[in-house]
Amino acid sequence: MNSSSWYDEAHTYDLAFAFDPDREITMLTVALAAADVRPPARLLEAMVGGARLVPRLTSAGFDVFGFDMSQAMLGYAKQRAPGRVFRADAARFATARAFDGAYCLIDSFRYLLTESAASACLTSIAAGLHPGAPLVLELELFSPGPPVPDTWTTQRGDARASVSVSSRADPDDDLQWIDVVVNINAPDGDRELRSSQKQRIWRPDRLAAFLDASPFTLETTWRRTQEQGAPLDGLPRNGGPVTLLLRNGGDG
Ligand SMILES: C[S@@+](CC[C@H](N)C(=O)[O-])C[C@H]1O[C@@H](n2cnc3c(N)ncnc32)[C@H](O)[C@@H]1O
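Residues numbered from 1 in each chain as written. Predicted model: local features only at pLDDT ≥ 70, side-chain atom pairs only at ≥ 80, totals over all residues. Heavy atoms only, no water.

Enquirer: Mind showing me how you'd approach the domain arrangement of the protein chain here?
Expert: Accessible area lost on assembly of the parts is the figure often given for the size of an interface. For the protein chain, the domain assignment lists domain 1 (6-143 + 201-248) and domain 2 (150-200). The C-alpha-based centres of domain 1 and domain 2 are spaced at 21 Å. Summed over both partners, the interface of domain 1 with domain 2 buries about 2,000 Å², with 56% contributed by carbon and sulfur atoms. Among the residues of domain 1 in contact with domain 2, Trp6, Leu15 and Ile201 are the three that bury the most area, contributing 34% of the side total. Summed over the shared surface of domain 1 and domain 2, the number is four salt bridges. Taking the shortest distance from any N to any O, the salt bridge between Asp14 and Arg156 comes out at 3.2 Å. Applying the counting rule to domain 1 against domain 2 returns 12 residue pairs in polar contact (both at pLDDT 80 or more). Top contributing element to the side of domain 1 that touches domain 2 by residue count: helix α1 (residues 10-16), with five residues. When the residues that make up the side of domain 1 that touches domain 2 are grouped by side-chain class, the tally is 13 nonpolar, three polar and seven charged. (Domains from an automatic or database assignment. Buried area = accessible area lost by both parts, 1.4 Å probe. Salt bridge = Lys/Arg side-chain N within 4 Å of Asp/Glu carboxyl O. Polar contact = N/O pair within 3.5 Å; in protein donor to acceptor, adjacent residues only side chain to side chain. Helix = DSSP H or I, 4+ residues; strand = E, 2+ residues; numbered from the N terminus. Nonpolar A, V, L, I, M, F, W, Y, C, P; charged D, E, K, R; others polar.)

Enquirer: Is there a simple way to think about the pairing of strand β7 (residues 159-169) in this case?
Expert: Each regular strand displays side chains that alternate between the two surfaces of the sheet. For strand β6 (residues 150-156) and β7, the ladder comprises seven bridges, and the chain directions are antiparallel. Paired with Thr154 across the two strands is Ala161, which belongs to β7. Hairpin connection from β6 to β7: two residues lie between these consecutive antiparallel strands, with Gly157 at a positive phi of about 60 degrees. (Pairing = 2+ DSSP bridges.)

Enquirer: Quick question: what am I supposed to make of the packing of aromatic side chains here?
Expert: How two aromatic rings sit relative to each other is set out by the distance from centre to centre and by the angle between their planes. Tallying each qualifying case throughout the model produces 14 aromatic pairs. When the ring of Tyr7 is compared with that of Tyr111, the centres are 5.6 Å apart and the planes differ by 90 degrees; the resulting orientation is edge-to-face. Linking Tyr7 in the segment before α1 with Tyr111 in the loop between β4 (101-104) and α5 (115-128), this pair joins segments that are 104 residues apart in sequence. Tyr7 sits in the buried class, given a relative accessible area of 17%. Here the aromatic rings of Phe65 and Phe99 are separated by 6.4 Å at their centres, their planes lie at 70 degrees, and the arrangement is edge-to-face. Of the two residues, Phe65 sits in strand β2 (residues 63-68) while Phe99 sits in the loop between β3 (85-87) and β4, which places them 34 residues apart along the sequence. Using a relative accessible area of 21% as the deciding quantity, one classes Phe65 as partly exposed. Judged by relative accessible area, which is 7%, Phe99 ranks as buried. Over the face of the ring belonging to Trp202 we find Arg200, whose NZ or CZ atom lies 5.1 Å from the ring centre. Its guanidinium or amino end placed over the ring of Phe142, Arg203 lies 4.9 Å from that ring's centre, counting from NZ or CZ. (Phe/Tyr/Trp six-rings, centres within 6.5 Å; stacked < 30°, edge-to-face > 60°. Buried < 20%, exposed > 50% of the residue type's maximum accessible area, 1.4 Å probe, protein only. Lys NZ or Arg CZ within 6 Å of the ring centre and 35° of its normal.)

Enquirer: Could you clarify how one ought to interpret the environment of Arg80 in this entry?
Expert: With respect to the secondary-structure elements, Arg80 resides in helix α4 (residues 71-80). Along the primary structure Arg80 and Leu139 are separated by 59 residues, whereas in three dimensions their C-alpha atoms are 25 Å apart. Those residues in contact with Arg80, other than ones at most four positions away along the chain, are Asp14, Gly50, Ala51, Arg52, Pro55 and Arg156. A distance of 2.7 Å separates the side chain of Arg80 from the side chain of Asp14, its partner in a polar contact. (Contact = heavy atoms within 4.5 Å.)

Enquirer: What is the right way to look at the site of the ligand in this model?
Expert: Lining the immediate surroundings of the ligand are 19 residues, of which Glu45, Met47, Arg52, Asp68 and Ala90 lie closest. In the model, an oxygen atom of the ligand is placed 2.7 Å from a nitrogen or oxygen of the Arg52 side chain. Met69 is positioned with one of its backbone polar atoms (N or O) 3.2 Å from a nitrogen atom of the ligand. Contact with the protein chains removes 94% of the 590 Å² of surface that the ligand exposes when unbound. (Near = heavy atom within 4 Å. Areas by Shrake-Rupley, 256 points an atom, 1.4 Å probe, with all protein chains shown as cover.)

Enquirer: Can you help me understand helix α6 (residues 204-212) in this one?
Expert: The set of residues buried in α6 consists of Pro204, Leu207, Phe210 and Leu211. Along α6, the residues classed as buried sweep out an arc of 125 degrees about the axis, all on the same side. Looking at α6, the residues exposed on the side facing more than 90 degrees away from the buried face are Asp205 and Asp212. Looking at the packing, one finds that the buried side of α6 touches α5, β5 (134-141), β10 (216-223) and β11 (240-248). (Arc of directions from axis to C-beta.)

Enquirer: When you look at the sheet that holds β4 in this model, what are you seeing that I'm missing?
Expert: Whenever strands of a sheet pair, they do so through backbone hydrogen bonds, lying parallel or antiparallel. Spatially, β3-β2-β1-β4-β5-β11-β10 is the arrangement adopted by the seven strands of the open sheet, whose pairing is mixed. The open sheet has two edge strands with one neighbour each: β3 and β10. Neighbour-to-neighbour, the strand axes of the sheet open up by a mean angle of 20 degrees, direction not taken into account. As paired strands, β10 and β11 are joined by seven bridges and run antiparallel to one another. In the strand pairing of β11, Phe216 is matched with Asn248. Sheet contacts for α4: β2 and β3; angle to β3, the most-contacted strand, approximately 165 degrees. (Axes fitted to C-alpha atoms, helices over the stretch in contact; angles between N-to-C directions.)

So, in structure tokens, the structure goes:
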């Protein structure tokens with residue numbers, strides 16, 4: 001199986017994620033407020049992609065910057081958030097200690113395929129954050145049992161995207177393949193994009209040990225989409241999608 005990235009097809013990704021970002025904006029606002037971070041706080045989005053959320057957050061008064069490795073995705077990001085995005089690999093980047101908070105959305109963190117890459121990413125984010133500042137991390141923890149495909153549709157103008165995301169095992173027990181199929185119906189013709197990329201599997205106990213050894217402390221765990229409700233009592237043993245509020249323990 002060859003690996004192809006839908007991030008090289010940024011226009012397809014952008015249409016596939018053309019849904020209203022209200023839920024994510026609310027999630028971030030609630031999670032950051034739980035750490036006393038509010039506008040005009042300065043935020044860093046790790047793996048910012050096309051900067052979908054940045055205009056909404058800057059309109060709300062946050063001072064947001066972001067980075068990504070994909071030139072194609074940054075092409076969109078630079079249009080949406082001029083002067084606020086830069087190219088960097090999450091496994092090796094550095095910023096000044098200038099941020100009041102950071103966030104990383106939609107399982108992007110799992111593109112760091114080794115623990116050392118993931119650890120380097122957290123160390124770099126921590127170095128850019130003030131002591132005690134939060135990192136909000138969305139992550140799908142590994143769940144035993146058959147994978148359930150995620151499907152949705154989006155529409156922008158006359159163009160419509162039907163998206164299917166499913167996972168399958170890799171011979172390496174710590175990795176899995178994420179297969180994406182996007183069917184686009186548009187006035188200029190129909191097309192299909194297929195992409196397969198590896199992501200790291202995080203089992204709850206392994207993630208807990210990893211975070212214990214990181215510069216961050218896990219403060220709050222929510223079931224993803226339920227950030228306005230009661231938090232969970234730690235990482236759920238049966239896995240699934242979570243939103244984590246981590247605090248930088250760095251001493252500055
Ligand atoms: C699921 S997208 C999320 C994009 C954006 N945060 C959003 O919410 O739409 C994952 C992003 O991670 C980026 N990415 C993957 N590996 C990376 C790495 N090692 N360093 C920086 N960016 C990376 C991809 O280019 C892609 O834009």
